[in-house]
Amino acid sequence: MSKKYSSNQFLKGAMVLTVAALVTKILSAVYRVPFQNIVGDIGFYIYQQVYPFYGIAIALSTYGFPVIISKLVAEKLENDDEEGAKKVAVTSFMFLCIVGLSWFLIVYFGAEVIARWMGDPLLKPLIQVISLSFLLLAPLSVLRGYYQGKEDMVPTAVSQVTEQTIRVATILVFSTILVSQGYSLYMAGNGALFGSITGGLGGLLVLLFIVTARRERLFSRKSLRLSPEYLHIWSRLLMNGTAICVSAMLLVLLQFVDSLNVYSLLTSSGMDTESGKTWKGIYDRGQPFVQLGTVVATSISLTIVPLVTSAYLKKKENLIREYSQLSLKISITIGFAATLGIINIMVPTNTMLFENASGSKVIAVFCLSIFFSCLILTFAGIFQGIGKIYYPALCILIGILLKYFGNAYLIPVMGIMGASVATVVSLTVITGMMILQLRRLFPIRFFPFSFYKTLLLSGAAMTIVLQVFLQIYDTLLDKGMPERELSVLFSLGGACLGAIIFLIVFLRGNVLSREEMGFLPFGSKWVRLMNMMQPKYKK
């Protein structure tokens, strides 16, 4: 196996963006815990109903359009056409102004219809607030894409982290003040959603500061003229940008479907409005688990793209196959361990984070999404690397339709559990479609039986130890120990214990080589740990 798997070989720029993406995703997942503690399950329901609109806006301005703009800019700079690169930026800005304004107008003036569709007319003003975030789409996308095209990833990374940090701070501060002052939960949700505006403005100010400090003159007289190839630029932004955005919005689109019909289906099935809001809020507790569980898979998908692209451009099919199989092996391992571990300690973890254990079974089923999401993100990275950007988007759109109709069929029968099952089924179908297509393009070999055997033994050992550990938790609860304090000890302790047991059994199974371990972040440390587990390990 090639030593090119060493994590030290990744491009510096790609690593900067990867780190920024991980920080923003961790922030995006973690803040939901204190926010839910401040506003409760109904307040969490209110916020989560409207959040997907922001998720769409952030995907468009971070993952979709900047990527295409950066490619267009890079093509010009390769021909030493600095003025052409600026024209690309200006032409893209004009197009995205139209796109952003269109999104704003549709969401703002359609807020009443959308709120009624969701079954809660009180959400109208919150939807109107979040629609303002689309007005920042053009400047954020163009400035990020322009610098990425110049192979300068720092402006994008700094703006992303700044945007998310300001947004999270605004959410927590505003919700705390409004709740303590006795305002309604809908008003507290409005204040929290205002964070999307303050965060976006913060990210934009960072980019404008960088432009000013570097004395970039993007909007010169020459560049302000519409480029003769504007139709080509606009079509690439529309087609390619949209396809990449859809792949990046997998979890957000699933949340959007849930916002549209979970609450309305619960209430139309006989549940009262208060209980419907509460159970939708409880169901939404699963989102932070899935986001945190897929963080590592996200980093793999972001880093695999340049490796696969390089091999694809050099027409090295064997290397494409190696990179693809390696990334899938790591994603399967991480996704399986994270999913099984979280499910095992769900009850104390749910209590520690959200004050009680309500809906633990529903959230546990929902967390099966972690495993499939890890695979889908990795598959999407591979497909993007070989230039097949439309197929992952098609798979995800089919899965979203399946999720919508799955909710409609299962929720009246199974209640809120039906929403979790529909999510898992749709992700399973998406995963299956991607596996079949990848095997058609490149005959990926199945992993040896020893890999799956080691994986199952590691999971079984972790499960047995954690279930014994949780028996102690139940015994102490029965004796009257304080529930939330005890849950902190057993959820954190269980996470550490489970990870240690899984790693010991898995590394002793000797199913990953040194080069494969080196592909991971901090690869050299993982190799040293493997050598400790396998003193007689041979290359």
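Since the model is a prediction, treat every value here as computed from it, not as a measurement. Each chain has its residues counted from 1, running along the sequence as written. Restriction of local features to residues with pLDDT of at least 70 applies here, the model being predicted, together with a cutoff of 80 or more for giving and counting side-chain atom pairs; totals for whole chains, interfaces and linings are based on all residues. The side-chain numbers reported here are obtained from all heavy atoms of the structure, hydrogens and water having been left aside.

K.L.:
A description of the packing of aromatic side chains should follow, citing residues and the corresponding values.
P.N.:
Pairing of aromatic side chains requires ring centres within 6.5 Å, counting the rings of Phe and Tyr and the six-membered ring of Trp. Pairs whose planes differ by under 30 degrees are stacked, by over 60 edge-to-face, and all others tilted. Considering all chains together, one arrives at 24 aromatic pairs under this definition. Seen in terms of ring centroids, Tyr404 and Phe405 are 5.6 Å apart; in terms of plane orientation they differ by 90°. Their pairing is edge-to-face. Given a relative accessible area of 27%, Tyr404 falls into the partly exposed group. Burial status follows relative accessibility: with a 1.4 Å probe on protein chains alone, a residue under 20% of its type maximum counts as buried, one over 50% as exposed, and anything between as partly exposed. Residue Phe405 is classed as exposed on the basis of its relative accessible area of 54%. Counting as a charge over the ring demands two things of the Lys NZ or Arg CZ atom: a distance within 6 Å of the ring centre and an angle within 35 degrees of the ring normal. Of note, Arg32 hangs over the ring of Tyr51, and the distance from its end group to the ring centre comes to 4.4 Å. In this arrangement the basic side chain of Lys329 is found over the ring face of Phe451, its NZ or CZ atom lying 5.8 Å from the centre.

K.L.:
Go over the packing of helix H11 (residues 250-268) against helix H19 (residues 390-414) with me, naming the residues and quoting the values.
P.N.:
Here the axes come from fitting lines to C-alpha atoms, over the contacting stretch only for helices, and the angles between their N-to-C directions go from 0 to 180 degrees. In this text, helices come from DSSP runs of H or I with a minimum length of four residues, and strands from runs of E with a minimum of two, each type numbered from the N-terminal end. Interhelical geometry of H11 versus H19 gives an angle of 20° and a closest axis separation of 10 Å. Overall, the two elements H11 and H19 adopt an arrangement that is roughly parallel. Crossing of H11 over H19 shows right-handed handedness. The segment H11 lies against H19, with Leu250, Leu253, Leu254, Val257, Asp258, Asn261, Val262, Leu265 and Leu266 engaging Ile396, Ile400, Lys403, Tyr404, Asn407, Ala408 and Ile411. Polarity classes work like this: nonpolar for Ala, Val, Leu, Ile, Met, Phe, Trp, Tyr, Cys and Pro, charged for Asp, Glu, Lys and Arg, and polar for all others, with Gly in that last group. Across the contact of H11 with H19, the residue classes tally to 12 nonpolar, 2 polar and 2 charged. Each angle is binned into one of four classes, with values under 35 degrees roughly parallel, values over 145 roughly antiparallel, values of 65 to 115 roughly perpendicular, and all other values oblique. Less than a right angle of anticlockwise turn of the near helix away from the far helix marks a crossing as left-handed, whereas a clockwise turn marks it as right-handed. Residues count as neighbours in contact if any of their non-hydrogen atoms are within 4.5 Å of one another.

K.L.:
Explain the pattern of salt bridges residue by residue, including any values.
P.N.:
The salt bridge definition used is simple: a Lys or Arg side-chain nitrogen within 4 Å of an Asp or Glu carboxyl oxygen. Enumeration over the complete set of coordinates arrives at 6 salt bridges. Asp284 is the salt-bridge partner of Lys280, the closest N and O atoms lying 2.7 Å from each other. By relative accessible area, Lys280 is classed as buried at 1%. Judged by its relative accessible area of 2%, Asp284 is buried. Salt bridges sharing common partners tie together Glu112, Arg116 and Lys124.

K.L.:
Explain the confidence of the model for the chain to me, and be specific about the residues and the numbers.
P.N.:
Interpretation of the predicted coordinates at a detailed level should be avoided for regions scoring low in pLDDT. Predictor confidence is given residue by residue as pLDDT, running from a minimum of 0 to a maximum of 100. In the predicted model, the chain carries a mean pLDDT of 84, and the fraction of residues at 70 or more is 87%. Here residues 1-11 is a poorly scored stretch, pLDDT under 50, and it has 25 contacts once near neighbours within four places are set aside; other chains count.

K.L.:
With reference to specific residues and values, describe the side chain of Asn240.
P.N.:
For Asn240, the position within the fold is in helix H10 (residues 230-248). With relative accessibility at 16%, the residue Asn240 sits in the buried group. Excluding anything up to four places from it in sequence, Asn240 contacts Ile68, Ser235, Ile389 and Tyr390.

K.L.:
Give a detailed account of helix H4 (residues 111-118), specifying residues and quantitative values.
P.N.:
Looking at H4, one finds that the buried residues are Ala111, Ile114, Ala115 and Met118. Within H4, the buried residues cover an arc of 100° as seen down the axis, which keeps them to one side. Where H4 is buried, its residues meet helix H2 (32-78), helix H3 (82-109), helix H5 (124-131) and H11. Phi for Gly119, located one or two positions after H4, is positive at around 90°. This arc is taken over the directions from the axis of the helix to the C-beta atoms.

K.L.:
Help me get a handle on the environment of Ser184, residues and values and all.
P.N.:
Secondary-structure assignment places Ser184 in the loop between helix H7 (154-180) and helix H8 (185-193). Between the C-alpha atoms of Ser184 and Val39, which are 145 residues apart in sequence, the distance is 9.8 Å.

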